[in-house]
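Each chain, letter by letter, is given below.
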Amino acid sequence: MKNNSLDQIIEQSFGTEPDFQLPDNFAQRITSELERRSQWKIDLTEYLHLTAFAFLIFAVVMGTLYFVNKETLTHFFTFISVNWFPVVLVTLLLNFILFADRVLLPLLFTKLLKHN
Amino acid sequence: MEDRELISQILNRNMNAFTFLVNRYRKLVVHIIGRLIQRNEEIEDVSQEVFIKVYQNLEKYRNECKLSTWIATIAYNTGINHLSKFKKVDGAINYDDPSIFRSLIDFRTDNYEQIDLHRYIRDQIELLPVNFRTVITLFHLEEFSYQEIGQITGMPEGTVKSYLFRAKAILKEKLKFVIDENSLKIVKEISNEK
C-alpha cells in the first residue's frame, strides 16, 4: 500500500512544474537582441560599402587624371611618395573615424543600453 | 497556428511569428535549462541563447522530427555546453556503482510534514544528478517518448529507462524514511482534492 502510494505521489510530483520563471517580456527581449545582432552586421556592411565607394571614387579620379592631365598625376604621386607617412596616417585616421561612427559607437551604445 | 506555417512565416522574417514561437516553447526551454543549470540568474540568458540559435538555424530544420524535439535538442546541448564551461558535468559518474546509489539516498529529515510534499519531492529532484533530472523533465513534464528523449540527449533508450527507474527508486527510498503511512494517506487525499 505504502509502496503504491509513494509511486503515485512521486509520479505526480514529476509532472508538476518547477519554479523556474522567465520574465513576461522575454519574447520581446529576444527579438530586440536579434535586431541588435543583425543591426551590427548591417552597420558593418554599410561601413565596408562606404570604404569601397571612397576607394572607387579615388580610383576614378586617378584614372581620369591619367588620361586628362598626366603631369598633375605625377605631381600627386611625387607628393605622396615624399610625404607617405602623414598621408597614410590621415587616411587611416579618417577610415577609423568612419568605422567608429558607423559601427563602433552604435554597437557600444546598444550594449550600454542593454546593460542599463 | 501550426508549426509548419509558423516556420515559413519566421523564415520570411516575420518577427511576430517568432514571438509566437517563443511564447509557445518558452516553458519547454526553461524547464530543460532550469533543470540542467539550476542557477536562476543564468536561466534567462541561456534560454535567450537557445531561442537565438533556433532563429538562426531554423532554415536547417528538416521536419525529420517534431519542432518541439528539435528545440529541446538545442536547449539540451546549449545547457550542457554552458554547464561544462562553468563546472564539471557529472557524466563521468558510474551510476551502476552501489556506493554512489547509497550516497544519493542520503536523506534529510527536516520538517517535511509542514511543507508541501510535492515541493519536497521537487527539491529532492534538484539534488539528483543532471542526467536523472533531465530524463525526468523530458519524460514526465514534457511528455516526450523514450525514442524522442534518445534523440534529444543522445542516450540509448535503455539508458533513459534505467535513469527514470533509478531516479524513482532513489526518491522512493528517501521518502520511505521520512514519511509514515498516516501522513501518506493525508498527502494522497490532499493531492486528489487538488
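Residues numbered from 1 in each chain as written. Chains lettered and ligands numbered in written order. Predicted model: local features only at pLDDT ≥ 70, side-chain atom pairs only at ≥ 80, totals over all residues.

1. Here's the deal with the overall build of chain B
Consideration 1: Broken down by element type, chain B carries 10 helices and 0 strands.
Consideration 2: Reading the secondary structure of chain B in the N-to-C direction produces α-α-α-α-α-α-α-α-α-α.
Consideration 3: Out of the 194 residues in chain B, the part that is buried amounts to 31%.
Consideration 4: Sequence separation of 24 or more characterises 67% of the internal contacts of chain B that already satisfy a separation of 6 or more. (Helix = DSSP H or I, 4+ residues; strand = E, 2+ residues; numbered from the N terminus. Buried ≥ 20, exposed ≤ 12 C-beta atoms within 10 Å, placed from the backbone. Contact = placed C-beta atoms within 7 Å.)

2. Focus: the overall build of chain A
Consideration 1: Within chain A one finds 4 helices and 0 strands.
Consideration 2: Along chain A, helices (α) and strands (β) appear in the sequence α-α-α-α when read from the amino end.
Consideration 3: The C-alpha atoms of chain A give 30 Å as radius of gyration, which overshoots the globular expectation for 116 residues (13 Å, by more than 25%).
Consideration 4: Along the three orthogonal principal directions, the C-alpha set of chain A runs to about 105 × 25 × 25 Å. (Rg over C-alpha atoms; globule rule 2.2 N^0.38 Å.)

3. Focus on the interface of chain B and chain A
Consideration 1: Listed by partner, the interface residues are 34 residues for chain B and 21 residues for chain A.
Consideration 2: Elements supplying a minimum of two residues to the side of chain B that touches chain A: helix H2 (15-37), helix H3 (40-57), helix H6 (117-127), helix H7 (130-141), helix H9 (157-178) and helix H10 (181-193) of chain B.
Consideration 3: Broken down by element, the side of chain B that touches chain A gets its largest block of residues, 10 residues, from H2(B).
Consideration 4: Residues that form the side of chain B that touches chain A fall into these classes: 16 nonpolar, 9 polar and 9 charged. (Nonpolar A, V, L, I, M, F, W, Y, C, P; charged D, E, K, R; others polar.)

4. Focus: the nonpolar core
Residue and element names in this part refer to chain B.
Consideration 1: Within the largest apolar cluster, 47 residues are counted, with the highest numbers of intra-cluster contacts made by Val29, Ile33 and Ala75.
Consideration 2: Ranked by the residues each element gives to this core, the list is headed by H2, at 10 residues.
Consideration 3: Residues lining this core come from more than one domain, with at least three contributed by each of domain 1 (3-86) and domain 2 (90-193).
Consideration 4: The residues contacting valine 29, other than those within four sequence positions of it, are Ser47, Val50, Phe51, Ile71 and Ala75. (Core = buried A, V, L, I, M, F, W, Y, C linked by C-beta atoms within 7 Å. Domains from an automatic or database assignment.)

5. Things to note about the packing of helix H2 (residues 26-68) of chain A against H2(B)
Consideration 1: H2(B) packs onto H2(A) with a crossing angle of 135 degrees between their chain directions and a minimal axis gap of 9 Å. Considering the angle they form, H2(A) stands oblique to H2(B). The hand of the H2(A)/H2(B) crossing is right-handed. When H2(A) is examined against H2(B), the residues Phe26(A), Ala27(A), Ile30(A) and Thr31(A) are found in contact with a partner set consisting of Met15(B), Phe18(B), Thr19(B), Val22(B), Asn23(B) and Arg26(B).
Consideration 2: In terms of residue class, the contact of H2(A) with H2(B) is built from 6 nonpolar, 3 polar and 1 charged. (Axes fitted to C-alpha atoms, helices over the stretch in contact; angles between N-to-C directions. Parallel < 35°, antiparallel > 145°, perpendicular 65-115°, else oblique. Left-handed = near helix turned anticlockwise from the far one by under 90°.)

6. Examining the environment of Glu46(A)
Consideration 1: Relative to the helices and strands, Glu46(A) resides in helix H2.
Consideration 2: Through-space distance from the C-alpha of Glu46(A) to that of Phe79(A) is 31 Å; in sequence the pair is 33 residues apart.

7. Digging into the packing of H7(B) against helix H8 (residues 146-153) of chain B
All names here are of chain B.
Consideration 1: For the pair H7 and H8, the least separation of the axes is 10 Å and the interaxial angle reads 135 degrees. Regarding the angle of H7 to H8, the classification is oblique. The interaxial crossing formed by H7 with H8 has right-handed handedness. For the pair formed by H7 and H8, the contact residues are Thr134, Val135, Leu138 and Phe139 on the first element and Ile149, Ile152 and Thr153 on the second.
Consideration 2: Split by residue class, the contact of H7 with H8 holds 5 nonpolar, 2 polar and no charged.

8. Here's the deal with the domain arrangement of chain B
Residue and element names in this part refer to chain B.
Consideration 1: For chain B, the assigned domains read domain 1 (3-86) and domain 2 (90-193).
Consideration 2: Taken together, the contacts link 11 residues of domain 1 with 13 residues of domain 2.
Consideration 3: Only H2 and helix H4 (67-86) provide two or more residues apiece to the side of domain 1 that touches domain 2.
Consideration 4: Here the side of domain 1 that touches domain 2 gets 5 residues from one element, more than from any other, and that element is H2.
Consideration 5: Considered class by class, the residues forming the side of domain 1 that touches domain 2 number 6 nonpolar, 4 polar and 1 charged.

9. Digging into the confidence of the model for chain A
Low pLDDT marks stretches whose predicted atomic positions should not be read closely.
Consideration 1: For chain A, per-residue confidence averages 88 on the pLDDT scale, and 95% of positions sit at 70 or higher.
Consideration 2: Mean pLDDT in chain A bottoms out at helix H1 (residues 2-14) of chain A, which sits at 77, and peaks at H2(A), which reaches 91. (pLDDT = per-residue confidence, 0-100.)

10. Comments concerning the environment of Phe26(A)
Consideration 1: In this fold, Phe26(A) is placed in helix H2.
Consideration 2: Classification of Phe26(A) by C-beta neighbours within 10 Å gives partly exposed; the count is 19.
Consideration 3: The residues touching Phe26(A), leaving out its near neighbours within four places in the chain, are Val22(B) and Arg26(B).

11. What about H3(B)?
Consideration 1: Here H3(B) is 18 residues long and its end C-alpha atoms lie 26 Å apart, about the 26 Å a rise of 1.5 Å per residue gives.
Consideration 2: Here H3(B) has its buried residues at Ile43(B), Val46(B), Ser47(B), Glu49(B), Val50(B), Phe51(B), Val54(B) and Tyr55(B).
Consideration 3: Those residues of H3(B) hidden inside the fold are in contact with H2 of chain A together with H2 and H4 of chain B. (Expected span 1.5 Å × (residues − 1).)

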